[in-house]
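Working through the structure, step by step
One-letter residues, chain by chain:
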Amino acid sequence: KKVGVLISGSGTNLQALIDATQDPTQHIGAEIVLVISNKSGVEGLKRAERAGIATKVIKHTEFPSRESFDKEMNKELIKAGVEIVCLAGFMRILSADFVKYWKGALINIHPSLLPSFKGANAHKDVLKFGARISGCTVHFVEVDIDSGAIIEQASVPVLPNDTEETLQERVKTAEHKTFPKALKHLATERIQLKADGTLEWKY
Ligand code: GRF
């Protein structure tokens, strides 16, 4: 399956997806054909370039609306023959039309055990709440943010004296294993999003 990855930053999850998909022993069943970033000059773009993957910078600031920005991204994804879209640290909310177009083929990684700690400040919220376990979730994207059927999760402990940075680092290590695993489920058609929004395991 041809995969497009949307990023906004450092792209360590992108790197994990690149490494897994380029390793023939892992049988992910997916090839990354395009990386789109809404920011120029970010490390993630360099990671894609080093791996010989086509990149595109589409700056949201240059578009009059969320819809027109999403339309431009969609045009590029379709042009590249993309079949699955992965959000890997993409820090923009997608319009309903975009989400509907890619329904069942659009997945995101979130740095908490959903449905706990939705939103952009998961680590901060986990620490504030005093949870002793956190982790990451790969899920299908729905219009409603950080909802959508869960594909894979992994847990990590929250340690005494953790800061947002130390917790983020531990969670990211888990993310880098979990995202390729989830992508493999989808690319090899082991899972499917049903019309009612729940996940079906095929085998
Ligand atoms: C990850 O923690 C991901 O869960 C969140 O944004 C971060 C992206 O990190 N959505 P990176 O760019 O993959 O290093």
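Overview of the structure.

Parameters at a glance
- Residues numbered from 1 in each chain as written.
- Predicted model: local features only at pLDDT ≥ 70, side-chain atom pairs only at ≥ 80, totals over all residues.
- Heavy atoms only, no water.
- 1 Å grid on protein atoms, 1.4 Å probe; cavity = no way out; pocket = protein on both sides within 12 Å on 5 of 7 lines; lining within 4 Å.
- Points joined across faces, edges and corners; volume = space filled by probe spheres on them.
- Helix = DSSP H or I, 4+ residues; strand = E, 2+ residues; numbered from the N terminus.
- Nonpolar A, V, L, I, M, F, W, Y, C, P; charged D, E, K, R; others polar.
- Buried < 20%, exposed > 50% of the residue type's maximum accessible area, 1.4 Å probe, protein only.
- Pairing = 2+ DSSP bridges.
- Right-handed = clockwise from strand over helix to strand, strands pointing away.
- Contact = heavy atoms within 4.5 Å.
- Near = heavy atom within 4 Å.
- Polar contact = N/O pair within 3.5 Å; in protein donor to acceptor, adjacent residues only side chain to side chain.
- Areas by Shrake-Rupley, 256 points an atom, 1.4 Å probe, with all protein chains shown as cover.
- Axes fitted to C-alpha atoms, helices over the stretch in contact; angles between N-to-C directions.
- Parallel < 35°, antiparallel > 145°, perpendicular 65-115°, else oblique.
- Left-handed = near helix turned anticlockwise from the far one by under 90°.

Regarding the layout of surface pockets
- Looking at the largest pocket, its volume works out to about 900 Å³.
- In this structure, the largest pocket is lined by 36 residues; those nearest its centre are Gly 89, Phe 90, Met 91, Ile 109 and Pro 111.
- Taken together, the elements giving at least two residues each to the lining of the largest pocket come down to helix H1 (12-21), strand E5 (106-110), helix H5 (122-129) and helix H6 (164-187).
- Classifying every residue of the lining of the largest pocket gives 14 nonpolar, 14 polar and eight charged.

Concerning the pairing of strand E1 (residues 2-7)
- The buried fraction of E1 amounts to five of the six residues, a majority that puts the element mostly inside the structure.
- In this sheet, strand E2 (residues 31-37) lies alongside E1 in parallel orientation, the contact comprising six bridges. Across the sheet, Val 3 pairs through a bridge with Ile 32, a residue of E2.
- What joins E1 to E2 is H1, and the crossover it makes is right-handed.

Considering the environment of Thr 178
- Within the fold, Thr 178 resides in helix H6.
- Separated by 107 residues in the primary sequence, Thr 178 and Lys 71 place their C-alpha atoms 29 Å from one another.
- The contacts of Thr 178, once residues within four sequence positions are left out, are Cys 136, Val 138, Glu 152, Gln 153 and Ala 154.

Quick notes on the site of the ligand
- Around the ligand, a shell composed of Ser 10, Gly 11, Thr 12, Asn 13, Gly 89, Ile 109, His 110, Pro 111, Lys 172 and Glu 175 is seen.
- Within the side chain of Ser 10, one N or O atom sits 2.6 Å away from an oxygen atom of the ligand.
- Within the side chain of Lys 172, a nitrogen or oxygen atom sits 2.7 Å from an oxygen atom of the ligand.
- The protein chains hide 88% of the 370 Å² of surface that the ligand would expose on its own.
- Among the elements of the structure, H1, E5 and H6 are those that each provide at least two residues to the shell around the ligand.

Considering the packing of H1 against helix H2 (residues 43-50)
- Remark: H1 packs on H2, axes separated minimally by 9 Å, with the N-to-C direction vectors making an angle of 15°. It follows that H1 is roughly parallel to H2 by the angle criterion. When you trace H1 past H2, the crossing you get is right-handed. Residues Thr 12, Leu 14, Gln 15 and Ile 18 of H1 form the contact with H2, whose participating residues are Gly 44, Arg 47 and Ala 48.
- A per-class count over the contact of H1 with H2 returns three nonpolar, three polar and one charged.

Some words on the sheet that holds strand E4 (residues 84-87)
- Sheet architecture is open: seven strands sit in the order E3-E2-E1-E4-E5-E6-E7, paired in mixed fashion. The sheet is open, and its two borders are formed by strand E3 (54-57) and strand E7 (150-157), each paired with just one other strand. Taking the axes of each pair of neighbouring strands and ignoring which way they run, one obtains an average angle of 20° across the sheet.
- Across three bridges, E4 lies against E5 in parallel orientation. From the neighbouring strand, Leu 87 faces E5, where its bridge partner is Asn 108.
- Strands E1, E2 and E3 of the sheet are contacted by H2, whose axis makes an angle of about 155° with E3.
- Lying on the sheet, H6 is in contact with E1, E4, E5, strand E6 (133-140) and E7; it crosses E7 at an angle near 155°.

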